[in-house]
Amino acid sequence: MALGTSNSYHFGGVVYLGIIKQPFLFVFFFFFIGKKTPNHCSPISEKDTRKQNIIYNTMATVKDKLIREVNPGEPVVAGAKVTIVGVGQVGMACAISILQSNIADNVTLIDVMEDKLMGEVMDLQHGSLFLKSTITAAKDYSETADSKLCIITAGVRQKEGESRLNLVQRNVEVFKHIIPNLAKYSPDAILLVVSNPVDILTYVSWKLSGFPSHRVMGSGTNLDTARFRFLIGEKLKINSSSVHGYIIGEHGDSSVPVWSETNVAGVSLQSLNPYLDTENDPEEWKQIHKQVVDSAYEVIKLKGYTSWAIGLSVSTLAQSILKNLRIVHPVSYLIKDLHGIKEEVFLSLPCVLGSSGVCGIIKQSLKESETARLKKSSETLWAIQKDLKL
Amino acid sequence: MATVKEQLIEHVMKDEVSIPCGKVTVVGVGAVGMACAISILTKELTDELALVDVIEDKLKGEMMDLQHGGLFLRTPKIVADKDYSCTANSKVVVVTAGARQQEGESRLNLVQRNVNIFKFIIPNIVKYSPNCIILVVSNPVDVLTYVAWKLSGFPRNRVIGSGCNLDSARFRYLMGEKLNLHPSSCHGWVIGEHGDSSVPVWSGVNVAGVSLKNLNPGMGTDEDKENWKEVHKQVVESAYEVIKLKGYTSWAIGMSVADLVESIMKNLRKVHPVSTMVQGMHGVKDEVFLSIPCVLSSSGLSDVVKMTLKSDEEEQLRKSADTLWGIQKELKL
């Protein structure tokens, strides 16, 4: 007993056979053929099948003839979905890095510039053969629903010579539209803020979303630390992954390199050169931190913007979160009540990242000078934050 | 006083000159070049990446931006210079330099502008990497692959055009959308000219070996109620459409180039539709480059697949060949 090839398109062969014999109801019959119904595999006779096939084969699509659907209409279990807000250079670099690292099942992009959004998504989709994730262009925030991770790169970018703090109010207005929408459609998501000034905008996102603080973080000094480790690696002729050191605090001009804990294979560099973080150092190690601070400005001056490094760094954060890896990354997190900070500000500290967001914070033993700098940063940030209209 | 490095590390061997074993150079740091670069880096295909361009600031900025991501990559050396000496000893050189299509402009319009640029680039590549494989991406790719072949003096196995690798990838993506399958399970070949007159080989289109044309004999014709011909039309228009929306294309071509580089670097002997010298095949009489399925290995393009084409498909290839030869014979090389 054979089954017709298009069983999924009708209720039961026997019922319709009566209609087929009446030509004037032909049109009516075909009206029904297009409608998908649950697959009732009701057994039908060989003769009925042949009669059906004469009709069906002229109307059945290649898809119907090629594939027997099993369980059509069963809801697709949502996988790891990442939404990226903003398809500028940073957003797209995050997208391509995440896609090529195979950590997300779906990457959804959203932006106010519709043509640019469609073009970028099309360009990515044309490469689907080489990827293992699906890509979606969200026409509105409802399509970002059920994201596990939302990455916000939208906003106006630093102009040549402009400091990060100057961007603030411009970006707050943009966030007032974005954050509540993300929170509405993905109430359990983790928010990862990349837009600058990242520490302030992470605070803004926390306030506007109403999320618990462990689910709101900023990319912070993850990139500064990567640059720091790269530059030290160049100086020592060692791969950056074997150089251990953290830059913490504000992502920007007043970030804090924790020289006391910077090491290779556990050997503290400062123990070999006690003048490492002073002006008296003949090797000028302090220059490395200055280069990190100047990095962004320099790349912007040369190519107009930065994209690749931040994209790659965000992808590693995404990976730790989506795969619950519990890897330590320096990210911008609510630092209140740590290191003597009283204000509700976000600054970067080494945090353990997992599927619930920030799972833990590493309690570094900071020198007084380092804690003092954190306090100064938090005061500067709070001075700006308290005047923001949220 | 001993430096930190001296105190920390003891060098225990006599230094040798290290020659990179899998170096890749990308010529041109525009959107396409950088998309190729980031794809090659994230796929970990090489131990050294070199970038070349004439715009020095942009070049340095792009190099720095990639280097700053070094912690997240497994390519320890990323260099860039206007001078081609930094490209020395490359295994594969990807050429993306040249003018790009403006909105509505066809690829063939770009020819003479790009030939002049190649007259500078190709001899420099050859000088510093005489044994490399040149992978041409700049448009019009079929003509420029011919130009690169002539200017380099390389044997034809070491000059390859990215050709219809991307067109076929787009075709398979669109086919996958129509059938609700992943593109890697949708098999279809688009050959010939990378551009308006590419040829979809409908007879070969299949899923799991099931020929779709057998299921739908009208496939590819105007009589087809499912309008599969539209799929190929969309492939041809893809680039124009993306350019109209975002200004240029980058991601898809970058990923498809990395796919080709992977087959070469890892000696995979995978079959890809890329642009090669097709004189003597399918009735083509002139020295033109068109895309046909080719085997890519560490020697470059070692073999070609002899497709069984319908007479109208061969006719289309010959027509493309004539058009391309018409342009090529006027070029001042």
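Keep in mind it's a predicted model, so treat the numbers as computed, not measured.

(A) Representation of the nonpolar core. Core analysis: the biggest nonpolar cluster contains 133 residues, and Leu109 and Leu124 of chain A together with Leu51, Leu66, Val94, Ile125 and Val261 of chain B have the highest contact counts within it. Tallying contributions element by element places helix α9 (residues 251-265) of chain B first for this core, with 10 residues. Ignoring sequence-local partners within four residues, the contact set of Leu124 of chain A consists of Met92, Ala95, Ile96, Leu99, Leu109, Leu131 and Ile135 of chain A together with Trp251 and Met255 of chain B.

(B) Region of the structure containing the packing of helix α6 (residues 165-179) of chain B against helix α8 (residues 229-246) of chain B. Residues and elements named next belong to chain B. For the pair α6 and α8, the least separation of the axes is 9 Å and the interaxial angle reads 130°. With respect to α8, the axis of α6 lies oblique. Like other packed secondary-structure pairs, α6 and α8 cross with a definite hand, here right-handed. Touching Asp167, Arg170, Phe171, Leu174, Met175 and Lys178 of α6 are Val231, His232, Gln234, Val235, Ser238 and Ala239, all from α8.

(C) Structural detail: the pairing of strand β12 (residues 289-297) of chain B. Residue and element names in this part refer to chain B. Counting buried positions along β12 gives 9 out of 9 residues, so the element sits mostly inside the fold. Pairing between strand β11 (residues 270-277) and β12: 8 bridges, direction antiparallel. Residue pairing in the sheet places Lys270 in a bridge with Leu296 of β12. Note that β12 and strand β13 (residues 300-304) share 4 bridges and pair antiparallel. Counted as the bridge partner of Val295 is Asp303 from β13.

(D) Looking closely at the pattern of salt bridges. One pass over the full model with this rule turns up 26 salt bridges over all chains. Salt-bridge contacts for Arg269 of chain B lead to Asp303 of chain B; the nearest nitrogen and oxygen are separated by 3.0 Å. Of the two residues, Arg269 of chain B is situated in the loop between α9 and β11 and Asp303 of chain B in strand β13; the sequence distance between them amounts to 34 residues. Owing to a relative accessible area of 32%, Asp303 of chain B belongs among the partly exposed residues under this scheme. Ionic pairing is found between Lys329 of chain B and Glu330 of chain B, a salt bridge with its closest N-O pair at 3.8 Å. What makes Lys329 of chain B exposed here is its relative accessible area of 52%. According to the relative accessible area criterion, Glu330 of chain B is exposed, its value standing at 51%. The structure contains a network of salt bridges with shared partners spanning Lys116, Glu120 and Asp123 of chain A together with Lys246 of chain B.

Analysis parameters
- Residues numbered from 1 in each chain as written.
- Chains lettered and ligands numbered in written order.
- Predicted model: local features only at pLDDT ≥ 70, side-chain atom pairs only at ≥ 80, totals over all residues.
- Heavy atoms only, no water.
- Core = buried A, V, L, I, M, F, W, Y, C linked by side-chain atoms within 4.5 Å.
- Buried < 20%, exposed > 50% of the residue type's maximum accessible area, 1.4 Å probe, protein only.
- Helix = DSSP H or I, 4+ residues; strand = E, 2+ residues; numbered from the N terminus.
- Contact = heavy atoms within 4.5 Å.
- Axes fitted to C-alpha atoms, helices over the stretch in contact; angles between N-to-C directions.
- Parallel < 35°, antiparallel > 145°, perpendicular 65-115°, else oblique.
- Left-handed = near helix turned anticlockwise from the far one by under 90°.
- Pairing = 2+ DSSP bridges.
- Salt bridge = Lys/Arg side-chain N within 4 Å of Asp/Glu carboxyl O.

Function-wise, these values are silent; they only describe arrangement.
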